[in-house]
Amino acid sequence: MKKLLLVAEDRIFAIDKKWSYNKHGFNLVYTDSSDHAIKAIVNDSSINLVLVDLSFENGMHACDCASEILLKKNLPIVFLTGIIEDHLIQKCEKIESYGFIEKYSAVSLHVAVIKAALRMHQNRKSYLNKNIFKKNGVVDFLSYKTSRDVIRSHNCSSNAIMEANGVIDFETVFQIDQIQKLQNDFSDATNVASIITLPDGTPVTEPSNFCRLCEEIIRKTEKGLAECIRYNPIFGEKTEDSPVILTCKSGGLWDSGAPICLEGQHIANWLIGQVRNGSYPEKGMREYAKHIGTDDETLIKAFKDVPTMSYEQFAKITRALNTLVDQFFSTAYSNFQQACSIEAMQQNEDLLKEACNQNRILLRELQHRAKNSFALISSMITLVIDTITDEEARSALKAVSYRISAISDLYSLLYTTDLVKEVHLDEYLIKLCRSFEGMTDNICFNYSFDDVITSVRTAIPVGIIVTELVTNAIKHAFPDSCSGSVWIRLIDEKNKIILEISDNGIGYNSRTGQISCDTFGLKFITALVGEIDGKLTMESKNGSMVRIEFDN
């Protein structure tokens, strides 16, 4: 369980948050005094994060209390605020913090920001941890780049642009190796040192053209390195009129920089500097050497080797850097967003394909079950027929069984093909005709089908019509088991489909129990023809012929 220290004067607020945080896995301890807060930081090594209420003034102001805490221990600071005041925010931004929480907002927001701060602080510690960055007991600043577990490129999903707290992540958007090359080239061309850091001072790139004073002396001490990183955010500021050019708080050299801002968010700083004019503040340099714990003669000798440059020349380089940053990073970010949009479209297309595939599988399963259900019903009717002696009832049930089989054959065809809404009507009718051949030995079946694709809605009535007419011919066109022929044709005439069923039997006028204008069979077929908006024509000469025309 992570331990949090809350520095606030509102005891009721503290008690409420202690209970709320505990439910989310945080142990909150509370103090209402700056002195007690600093003592707690020094004496309690289990504290993982400090929450400072900006309205706190018991002993010292909240910002000053946070600064003192950072001097004692490297812990993540998060500010709590009830009213956002510009002067307070500006003052807090000078402090190495991990953002703000509106103190009376939902506890879920508190927890989200705290978790993000802990995670970001842990990442930063991986750069400065003694076990990683110390070689022979001395901080090795240049090792931070090679110690990273993962270097993320811009080839990522669009969801990765933002962290959980809604902040654009520099290393997600930009390819660090390309940025490193650009930084190196700029430093070589201008003879200034360069490095890119996050807004809190955490390095992103390796340093370019760092002078011996900074690289081999100041940053080789823990105190010097910590102060460099702490004051780096200051040089990323920019006023309305011109960039900020200041002497650094460590070596006294000129430094400046350009903020890298995207969509109104300050995501990084490109810092340049490590140049001086011709002056030589020996006394101040010796005092600084003592402050960071290094040899003063060595430090002064390295100081004299620092490149010299006029203020005007350094200002020109600074303005050029700001122009470069504004143009390059905005263009690169636009390209990144475009790439993410393309990737998002590809992801959506893949999801759509997967959804279509799942729907196809589901439909095939439904078709399979429909086929099995119709087959089961047909089998049950057949069992019932075997128990009935009345010939008229048996005939009626057989007719129903044939109609159900026609529908079952259609779903069987759908199940074995990739078609969803359409049917090869010729394949379907061939399947039906083969089933007719097993119903009698004295009739020869002849069929000719053009390749016709139609909807399932049309195929079902057509299949039942063919079944009805062919079974009627089998039963009535050839009495006394005399031999004969039945012809089934499917003709595609442009936009008109013609279905013909004919035989050389005795004809409709001579049949008994056959199709006639007042029988159920004709009414049933007429109704089915109406479903496909077709036209029915019947002839009875040298046999019989039924012709149905319908639009496809």
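Bear in mind that the values here come from a model prediction, so they are computed numbers and not experimental data. (Residues numbered from 1 in each chain as written. Predicted model: local features only at pLDDT ≥ 70, side-chain atom pairs only at ≥ 80, totals over all residues. Heavy atoms only, no water.)

Draft legend 1. Spatial organisation of the pattern of salt bridges. Here the structure, examined in full by the defined rule, presents twelve salt bridges. For the salt bridge of R11 with D32, the shortest nitrogen-to-oxygen distance reads 3.9 Å. Highlighted residues: R11 in helix 1 (residues 11–23) and D32 in the loop between strand 2 (26–31) and helix 2 (34–43), separated in sequence by 21 residues. In this structure, E297 and R286 form a salt bridge, with 2.9 Å as the shortest nitrogen-oxygen distance. Of this pair, E297 sits in helix 12 (residues 296–304) while R286 sits in helix 11 (residues 282–292); the two residues are eleven residues apart in sequence, bridging distant segments of the chain. Judged by its relative accessible area of 45%, E297 is partly exposed. Using a relative accessible area of 26% as the deciding quantity, one classes R286 as partly exposed. In this structure, a network of salt bridges that share partners links the residues R489, E500, R547 and E549. (Salt bridge = Lys/Arg side-chain N within 4 Å of Asp/Glu carboxyl O. Helix = DSSP H or I, 4+ residues; strand = E, 2+ residues; numbered from the N terminus. Buried < 20%, exposed > 50% of the residue type's maximum accessible area, 1.4 Å probe, protein only.)

Draft legend 2. Layout of the sheet that holds strand 5 (residues 100–102). Strand order in this open sheet of five strands is 2-1-3-4-5, and the pairing throughout is parallel. Across the chains shown, the open sheet's two edge strands, defined by having one partner strand only, are strand 2 and strand 5. Put simply, the sheet's adjacent strands are angled 25° from each other on average, direction ignored. Note that strand 3 (residues 47–53) and strand 4 (residues 77–81) share four bridges and pair parallel. (Pairing = 2+ DSSP bridges. Axes fitted to C-alpha atoms, helices over the stretch in contact; angles between N-to-C directions.)

Draft legend 3. Region of the structure containing the sheet that holds strand 8 (residues 193–197). The antiparallel open sheet is built from four strands, whose spatial order is 8-11-10-9. Looking at the sheet topology across the chains shown, the edges are occupied by strand 8 and strand 9 (246–247). As judged from the nine bridges shared by strand 10 (residues 254–262) and strand 11 (residues 265–275), these two strands associate in the antiparallel manner. When the bridges of strand 11 are listed, P259 appears paired with N269. Helix-sheet contacts for helix 8 (residues 176–190) involve strand 8 and strand 11, and the interaxial angle to strand 8 is about 155°. (Contact = heavy atoms within 4.5 Å.)

Draft legend 4. The arrangement of the environment of N335 in detail. Summarising the element assignment, N335 is placed in helix 13 (residues 311–385). On the accessibility criterion, N335 (45% relative accessible area) is partly exposed. Along the chain, N335 and V173 lie 162 residues apart, while their C-alpha atoms are 9.8 Å from each other.

Draft legend 5. The arrangement of helix 15 (residues 425–437) in detail. Between the first and last C-alpha of helix 15 there are 19 Å, a value that for 13 residues agrees with the 18 Å anticipated at 1.5 Å per step. Along helix 15, the positions that sit buried rather than exposed are L425, D426, Y428, L429, L432, C433 and F436. Angularly, the buried residues of helix 15 cover 155° about the axis, an arc narrow enough to put them on a single face. (Expected span 1.5 Å × (residues − 1). Arc of directions from axis to C-beta.)

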